[in-house]
Amino acid sequence: MRTAGRLAAEVLDHLTPFMKPGITTREIDRLAAEHMKKQGSTSATLGYQPAGYPYPASLCTSVNNVVCHGIPNDKPLKKGDIVNVDVTVIKDGWYGDTSRMFIVGEASIAAKRLVQITYDAMWHGIVQVKPGVRLGDIGWSIQKFAESNGFSVVREFCGHGIGRNFHEEPQVLHYGKPGTLEELVPGMTFTIEPMINAGRRDVKEFGNDGWTIVTKDHSLSAQWEHTVLVTQSGYEVLTLSEGSPPPPAFVKG
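Residues numbered from 1 in each chain as written. Predicted model: local features only at pLDDT ≥ 70, side-chain atom pairs only at ≥ 80, totals over all residues. Heavy atoms only, no water.

The subject of this paragraph is the pairing of strand β5 (residues 94-103). Within β5, eight of the ten residues are buried, leaving the element largely enclosed by the surrounding structure. Between the antiparallel neighbours strand β4 (residues 82-91) and β5 lie two residues, among them D92 with a positive phi of about 55 degrees. (Buried < 20%, exposed > 50% of the residue type's maximum accessible area, 1.4 Å probe, protein only. Helix = DSSP H or I, 4+ residues; strand = E, 2+ residues; numbered from the N terminus. Pairing = 2+ DSSP bridges.)

This next bit is on empty space enclosed by the protein. A full pass over the atoms with the stated rule returns one cavity of 30 Å³ or more. Approximately 50 Å³ is the volume found for the largest cavity. Along its surface, the largest cavity is lined by T98, S99, R100, Y119, M122, W224, E225, H226 and P245. Breaking the lining of the largest cavity down by element, the ones donating at least two residues are β5 and α3 (109-126). (1 Å grid on protein atoms, 1.4 Å probe; cavity = no way out; pocket = protein on both sides within 12 Å on 5 of 7 lines; lining within 4 Å. Points joined across faces, edges and corners; volume = space filled by probe spheres on them.)

Take the sheet that holds strand β3 (residues 66-68) next. For sheets, the rule is that strands pair by backbone hydrogen bonds, running either parallel or antiparallel. Reading across the sheet, the three strands line up as β3-β12-β11 and stay open at both edges, with antiparallel pairing between neighbours. Two strands close off the open sheet at either side, each with one partner strand: β3 and β11 (203-205). The mean inter-strand angle of the sheet, taken between neighbouring strand axes irrespective of direction, is 45 degrees. Here β11 runs beside strand β12 (residues 213-215); their pairing, made up of three bridges, is antiparallel. Directly across from E205, in β12, lies its bridge partner I213. (Axes fitted to C-alpha atoms, helices over the stretch in contact; angles between N-to-C directions.)

Under the feature "binding site: a divalent metal cation 1" (unreviewed entry), the UniProt entry names D86, D97 and E225. In sequence the annotated residues extend across 140 residues, while in space they remain close, none of their C-alpha pairs exceeding 8.0 Å. Considering only the residues just annotated, the largest cavity is lined by E225. On the secondary structure map, D86 appears in strand β4. (UniProt positions renumbered as here; feature names shortened; annotations may be inferred.)

With that settled, consider the packing of α3 against helix α4 (residues 135-148). The packing of two helices is summarised by the inter-axis angle and the distance between the axes. The N-to-C vectors of α3 and α4 enclose an angle of 155 degrees; their axes lie 8 Å apart at closest approach. Here α3 lies roughly antiparallel to α4, going by the angle between them. The two elements α3 and α4 meet at a crossing, and its hand is right-handed. The segment α3 lies against α4, with I117, D120, A121, H124 and G125 engaging I138, S141, I142 and F145. Residue composition of the contact of α3 with α4, grouped by class: five nonpolar, three polar and one charged. (Parallel < 35°, antiparallel > 145°, perpendicular 65-115°, else oblique. Left-handed = near helix turned anticlockwise from the far one by under 90°. Contact = heavy atoms within 4.5 Å. Nonpolar A, V, L, I, M, F, W, Y, C, P; charged D, E, K, R; others polar.)

The following block contains the structure:
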């Protein structure tokens, strides 16, 4: 899991210099597939079809008001766009899943604030992780922080257990009540991946591709994701690499 997580993060490192105005998300997808081949990893998303719609790309690119599962296309990114790139690789039968936000060129203050608050919200969830804590504690910590900053938390999509399968139990909600849901035990691995909207939390499917989810009110949406291991005394983030953004100042150690 450590190897798969690191390799997924290194795909995002590889893409970082290319995230500039004019590049298409299809080109980003091509660069990622090329890098996975060099790593000796494979994409978990390419051909993935839980609902009968095979996913056609090696990663997801969700731009501006796209909440998640945006399919790469030929539209060039423009200055001011915010983009979530979500990568899941398979290495030796293990899955590593992570996503990052990228700001293309210079974005508005509001867009940059949404991206930063979403990153901090993910970490507010991560720092809760230790044996004996419950999943509701993670969700409440994320929800409380996001809503106190004037943003809303998407309910329809959540984090998930991960290991030898892409999606396993438990579901990791990004909202909830303290002291509820499943208790964490050492050895569990799951993703924490809040989707935070600048406007209302309501979402809808876009078009008929079976994948793309957008905000109902057309407001911006952001997401960050790490895969996390519950250790004997706390947590270990498995999807860190040399190019990963540093944790926020409130994260100890």
